[in-house]
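Commentary on secondary and tertiary structure
Residues per chain are reported as follows:
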Amino acid sequence: TITAGLGLVAERDPKVALWASRLVRAARTAALDDDLYARYLRLVDRTFGARARALGWRRRPGDDDDVHALRLAIVPMIAERDRRLGAEATRLARLALRDPAKVADDVIEPALRVAAVRGDRTLYDAMLAAARARADRRHVGRLLGALGAFTDPALAADARGLIMDPHLDLRETRAIVVAQLGRRATRAAAWPELMAVLPRALAVMREDEAARLIGFVASVRCDPAGRAEAEALLAPIAAGLAGAGHELATGLEDSDRCIAEHARELPGLRAFLAAY
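My aim in this report is to walk through the structure given alongside it, one point at a time.

This part is about the overall build of the protein chain. Helix and strand counts for the protein chain come out as 14 helices and 0 strands. N-terminal to C-terminal, the α/β element order of the protein chain is α-α-α-α-α-α-α-α-α-α-α-α-α-α. In terms of overall size, the protein chain behaves like a compact globule, its C-alpha atoms giving a radius of gyration of 19 Å where 276 residues would be expected to give roughly 19 Å. For the protein chain, the spread of C-alpha atoms along the principal axes amounts to about 50 × 50 × 30 Å. Taking as baseline every contact in the protein chain between residues at least 6 positions apart, the subset at least 24 positions apart corresponds to 68%. Per element, the accessible surface of the protein chain, about 13,100 Å² overall, is 54% carbon and sulfur. For the protein chain, the separation between the mean place of its 43 positive charges and that of its 38 negative charges on side chains is 5 Å.

Right under this line is the structure:
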């Protein structure tokens, strides 16, 4: 999958390049050790970096929808490690905190997320203050998802403390669960804490929302021990929620698929990434 994407990423046609970027980003990296993951990131940066820097964050006159879709796919991915694109993400995030209308709507969420990955306590506090002050549920959800993307251990722990905050809406704070379990940098520290708080959170959520969250949590681990832990915690809860059994089964199947793919493909992937 990765090699197929690499062969197409330089394609002038943005539709083809976008498809290639999706192939590369779809690679299952959850079970890679730190060395292989660092090599994977170097591969991504070398493959997409120049094009991402050429596109930049802002849509330009003459950019059609395909070019802009490619921008949204690869610029945030590169900006987490690129100084110029990262600094621009922080500038756009701060502008969106003051007035969301001044930043393109489809850029706000990725810019907030990238800024958070690179961010400090000052930015965290500014995002939290904006989340507490805003009434727009959609924008609050974006802000709370960004709070969950901070990778500084102390800030990530503070974000987890917001999940059951009585002054915030659980429908939005669940974005923190998704962000922290979905990101390699925070998953290991977040897992035991979120497993402890999850039963309380699920008990007060709407059934369909709880079912979807159960499915997501069941899918994120790519190791047998984590998969078994998720099933042991979630199965009794899912049994009492309409639709949750199906979501749980689907999530566990995704975890099983990742475990199997990792066992099958790791030797080839290690050999391929050795060049990076």
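What follows continues from the structure just given.
Given a rise of 1.5 Å per residue, 15 residues ought to cover 21 Å, and the 21 Å separating the end C-alpha atoms of helix 4 (residues 65–79) matches this to within 8%. Counting buried positions over the 15 residues of helix 4 gives 11, a clear majority of the element. For helix 4, every residue scored as buried is listed here: V67, H68, L70, R71, A73, I74, V75, P76, M77, I78 and A79.

Our focus in this paragraph is the packing of aromatic side chains. By the definition in use, this model includes 3 aromatic pairs. An angle of 25° between the planes, with centres 6.1 Å apart, marks the rings of Y37 and Y40 as stacked. Of this pair, Y37 and Y40 both sit in helix 3 (residues 34–55), 3 residues apart, which is roughly one turn of the helix. Between the NZ or CZ atom of R221 and the centre of the ring of W191, over which it lies, the distance is 4.7 Å.

Now for the side chain of Q180. Relative to the elements of secondary structure, Q180 occurs in helix 10 (residues 170–182). Exposure remark for Q180: the relative accessible area of 0% places this residue in the buried category.

What follows concerns the packing of helix 4 against helix 6 (residues 105–117). Axis separation between helix 4 and helix 6 bottoms out at 9 Å; the angle between their running directions is 10°. One way to sum up the angle between helix 4 and helix 6 is to call them roughly parallel. Where helix 4 approaches helix 6, its residues H68, L72, P76 and A79 are matched on the opposing element by D106, V107, P110, R113 and V114. A class-by-class count of the residues in the contact of helix 4 with helix 6 yields 6 nonpolar, 1 polar and 2 charged.

Rules used throughout
Residues numbered from 1 in each chain as written. Predicted model: local features only at pLDDT ≥ 70, side-chain atom pairs only at ≥ 80, totals over all residues. Heavy atoms only, no water. Helix = DSSP H or I, 4+ residues; strand = E, 2+ residues; numbered from the N terminus. Rg over C-alpha atoms; globule rule 2.2 N^0.38 Å. Contact = heavy atoms within 4.5 Å. Areas by Shrake-Rupley, 256 points an atom, 1.4 Å probe, with all protein chains shown as cover. Lys, Arg positive; Asp, Glu negative; His and termini not counted. Charge placed at Lys NZ, Arg CZ, Asp CG, Glu CD. Expected span 1.5 Å × (residues − 1). Buried < 20%, exposed > 50% of the residue type's maximum accessible area, 1.4 Å probe, protein only. Phe/Tyr/Trp six-rings, centres within 6.5 Å; stacked < 30°, edge-to-face > 60°. Lys NZ or Arg CZ within 6 Å of the ring centre and 35° of its normal. Axes fitted to C-alpha atoms, helices over the stretch in contact; angles between N-to-C directions. Parallel < 35°, antiparallel > 145°, perpendicular 65-115°, else oblique. Nonpolar A, V, L, I, M, F, W, Y, C, P; charged D, E, K, R; others polar.

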